[in-house]
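# Descriptive analysis of the structure
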Amino acid sequence: MKKLTGIPASSGIVFGRAFLYLEDNFPEIPRNTIGKDQVGGERRRLLGAIEEAARELKALNDRAVREMSKEQAAIFETHLMMMEDDDFTDQILKRLETDLINAEWAVRKISDDLIRKLAASTDSYLRERAADISDVSGRILTKLLSITKFSLADLEEDVILVVHDLLPSEALAMNKERVLGLVMDMGSRTSHTAILARAFEIPAVLGLSTATREIKTGDLLVVNGADGVVLINPDEKNLFQYEQAIHQYHAMFDGLLAQTALPAETTDGCRFRIKANIETPGESEQARRFGAEGIGLYRSEFLFLNPEEVADEETQFRAYSQVVKTMEGRPVTIRTLDVGGDKLLPEFQSADEKNPLLGWRAIRFCLSLPELFKTQLRAILRASVYGNVAIMFPMISGIEELEQALDILEEAKGECRRRGQAYAPDIKAGTMIEIPSAAMTADILAEKSDFFSIGTNDLIQYTLAVDRGNERVSYLAQPTHPAVLRLLKGIIDTAHEKGIPVAMCGELAGDTAATALLLGLGLDEFSMTAASIPLVKRIIRGAALENCRALTEEALQCSSYHQVSALVEAWMNRFFPDD
Ligand code: PEP
Ligand code: MG
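Presented here is a report on the structure given in the accompanying data block. (Residues numbered from 1 in each chain as written. Chains lettered and ligands numbered in written order. Predicted model: local features only at pLDDT ≥ 70, side-chain atom pairs only at ≥ 80, totals over all residues. Heavy atoms only, no water.)

## What to know about the site of ligand 1
What surrounds ligand 1 is a group of 16 residues, the closest being R299, R335, G455, N457 and R468. One nitrogen or oxygen atom from the main chain of T456 is found 3.1 Å from an oxygen atom belonging to ligand 1. At a separation of 2.7 Å, an oxygen atom of ligand 1 approaches a polar backbone atom of N457. Relative to its unbound accessible area of 290 Å², ligand 1 is 100% covered by the protein chains. Secondary-structure elements contributing two or more residues to the shell around ligand 1 are α7 (192–199), β10 (295–299) and α18 (456–464). (Near = heavy atom within 4 Å. Polar contact = N/O pair within 3.5 Å; in protein donor to acceptor, adjacent residues only side chain to side chain. Areas by Shrake-Rupley, 256 points an atom, 1.4 Å probe, with all protein chains shown as cover. Helix = DSSP H or I, 4+ residues; strand = E, 2+ residues; numbered from the N terminus.)

## Structural notes on the coordination of the magnesium ion (ligand 2)
Those donors, E434 (OE) and D458 (OD), are the protein atoms that reach the magnesium ion (ligand 2), and they lie 2.0 to 2.2 Å from it. Separated by 24 residues along the polypeptide, E434 in the loop between β13 (428–433) and α16 (436–440) and D458 in helix α18 bring together distant segments of the chain. For the pair shown, E434 and D458 are each scored as buried. (Donors = N, O, S within 2.8 Å, 3.2 Å for Na, K, Ca; no water. Buried < 20%, exposed > 50% of the residue type's maximum accessible area, 1.4 Å probe, protein only.)

## Here we look at the pattern of salt bridges
For the structure on display, the rule yields 36 salt bridges. For E51, the salt bridge identified is with R55, shortest N-O distance 3.7 Å. Of this pair, E51 and R55 both sit in helix α1 (residues 39–67), 4 residues apart, roughly one helical turn. Across the pair, exposure class does not vary: E51 and R55 are exposed alike. (Salt bridge = Lys/Arg side-chain N within 4 Å of Asp/Glu carboxyl O.)

## Comments concerning the nonpolar core
In terms of nonpolar packing, the biggest core is built from 128 residues, with L161, L182, Y320, F393, F452 and F526 touching the most fellow members. Lining this core are residues from two domains, each supplying at least three of them: domain 1 (2–23 + 152–254) and domain 3 (265–575). Residues in contact with F393, not counting those within four places in the same chain, are T336, I363, F373, L377, L402, A405, L406, L409, A429, G430, T431 and M432. If you look at the next biggest cluster of nonpolar residues, it comprises 31 residues, including V39, A53, V107 and I140. (Core = buried A, V, L, I, M, F, W, Y, C linked by side-chain atoms within 4.5 Å. Domains from an automatic or database assignment. Contact = heavy atoms within 4.5 Å.)

## A short note on the pairing of strand β16 (residues 525–529)
Across the 5 residues of β16, 5 count as buried, placing the element largely inside the fold. For strand β9 (residues 273–278) and β16, the ladder comprises 5 bridges, and the chain directions are parallel. In the sheet register, K275 faces β16, and the bridge partner there is S527. Sheet topology places strand β15 (residues 502–504) next to β16; 2 bridges connect them, and they run parallel. (Pairing = 2+ DSSP bridges.)

## Considering the packing of aromatic side chains
Here the structure, examined in full by the defined rule, presents 11 aromatic pairs. For the pair F253 and F290, a centre-to-centre distance of 6.0 Å together with 75° between the ring planes defines the contact as edge-to-face. Of the two residues, F253 sits in helix α9 (residues 236–257) while F290 sits in the loop between α10 (283–289) and β10, which places them 37 residues apart along the sequence. Comparing F253 with F290, the two get one shared label, buried. Aromatic pair W571 and F575: ring centres 4.8 Å apart, planes at 50°, arrangement tilted. Of the two residues, W571 and F575 are both situated in helix α23 (residues 561–575); the distance of 4 residues between them amounts to about one turn of the helix. Since its relative accessible area comes to 8%, W571 is described here as buried. Exposure remark for F575: the relative accessible area of 28% places this residue in the partly exposed category. (Phe/Tyr/Trp six-rings, centres within 6.5 Å; stacked < 30°, edge-to-face > 60°.)

## Description of the sheet that holds β16
One closed barrel accounts for 8 strands, arranged β9-β10-β11-β12-β13-β14-β15-β16; its pairing is parallel. In this sheet, adjacent strand axes meet at a mean angle of 30° when their direction is disregarded. As judged from the 3 bridges shared by β13 and strand β14 (residues 452–454), these two strands associate in the parallel manner. Bridge pairing in β14 links T431 to F452. On the sheet, helix α14 (residues 370–383) packs against β11 (331–335) and β12 (388–393) and is oriented at approximately 160° with respect to β12. (Axes fitted to C-alpha atoms, helices over the stretch in contact; angles between N-to-C directions.)

## Focus on α14
Taking 1.5 Å of rise per residue, 14 residues should cover 20 Å, and α14 covers 20 Å from first to last C-alpha, within 8% of that figure. Taking burial as the measure, the 14 residues of α14 include 12 buried ones, the bulk of the element. Where α14 is concerned, the buried positions are L372, F373, K374, T375, Q376, L377, R378, A379, I380, L381, R382 and A383. (Expected span 1.5 Å × (residues − 1).)

## Some details on the sheet that holds strand β3 (residues 13–21)
Sheets are built from strands paired through backbone hydrogen bonds, the pairs being either parallel or antiparallel. Pairing within the open sheet is mixed, and its 8 strands lie in the order β1-β8-β7-β3-β4-β5-β6-β2. Each edge of the open sheet carries a strand with a single partner, namely β1 (2–5) and β2 (7–10). Taking each pair of neighbouring strands and ignoring which way they run, the sheet shows an average axis angle of 30°. Pairing of strand β4 (residues 159–163) with strand β5 (residues 179–184) involves 5 bridges; the strand directions are parallel. If you follow L161 over to β5, its bridge partner there is L182. With respect to the sheet, α7 is in contact with β2, β5 and β6 (204–206), its orientation differing from that of β2 by roughly 50°. Docked against the sheet, α9 engages β3, β7 (220–224) and β8 (229–232), running at close to 115° with respect to β3.

Don't take any of this as a statement about function, it's just geometry.
Written as structure tokens, this is what we have:
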């Protein structure tokens, strides 16, 4: 038996057989020699891939014409022309036939030659075309490779998935019914893949560095997502202990679940709102089951990352309406598209941005594509007639971005009126506070915001300069670092002075080690992965606000994260000795 220890990313204990999934993570272009009799087959494969890629580009181009800028549409048009250029195809075919090589390798060779020539040109226009060739050949290669590629959506047996890294879009697409547990070399607790694992209630241990080297497909694994432990081929005794632990865990959780409908009220009578974060419309049912009083964060971008469906206005309207109707009048806060970083929208974004987390993300992306943004806003506005909807803007860095977003919201309302489409006229618009500059100018932003929602995942990342997806530096992502506590206090106090409520929808809101501190800081509303609600409610119902305030005052005097943690631990031992 071997034991690996990583980052506990999604609680729950499970055991099962490992499935090592590497193909997508190390995409190498294979070079195969083919016989003369295989040329016809390779030729057909190539032409089929080009046709499929061209169809995809045509759809993107049509959408760009409808919803995006002229410049964006022109890019797709150029790529389509290149892809349909007979000369380009003939060169690849000739290479395939004379060198007797597989289609992928021929595409790679011809595009590399062209890119080299263009990149060496003295003409800047020609130099820029090198990137277009790379994009076009990449699309053809994706089609060619996917013909033989195994998709996680096709998983047919129950497995514990072992991967080097998994994009949020891949996690979204996998057959979740079959994934009992997730084990990953990369990633950390607030990476979006971890957030999705929690939303899907899949126990997960991330940041293990060497899991894909130590585990083979078929190994028996125990995954303890609460402690961050993975056992490889445990003996009978260990397995028995874990079976007992699984029963205990379920019994404890069922006990909490039975009480989750009770209000989140402290022992001295102060009531707080507890809502759920969701990534897909279906999760709103789960949110209700766990006792959520509303949806505090709907990460709408996951609708756009689903390769099965184009997120046009009607698709969005249907999804948003489904959530709003399921919540039956309870509040639903829909966050506008937050792509970029680790959630790339392949039609627009490429992985070659130097600093994606500081780059073309979230509101910046939306403000640069106003038609796409307005389409989303109209869909949200139209869904607002079915219940209690609020809009919130992610990654606001200063007042000008907020004003631009609000102007576009007004334009979207005007368009709805002209089209005769109803919306709730009093719909609220809030600002996510997840960049230090927004925290520091909270007084200015509050003037134009109906509410704040603190995104601690990004706020911690940007305040402490720690990439939230990088397991090597995850020890520095200290959620109650004195710098973070001071920022939180500033945001909450300022908002209250300006008369607006403050929610928190970052992972810290669902962390029971922080609940007392957040109560003491005066947070009005907590929004979290649904499965965390019963645990957080239990702390709130067992605490007195007066004691929490005293704890927070002391914590604000601490000089390090470790001091704060020790203080909170002692407090929890005193008031929650059974935890
Ligand atoms: C956050 O940053 O805390 C947040 C809630 O948004 P996301 O995790 O989707 O970036
Ligand atoms: Mg964020």
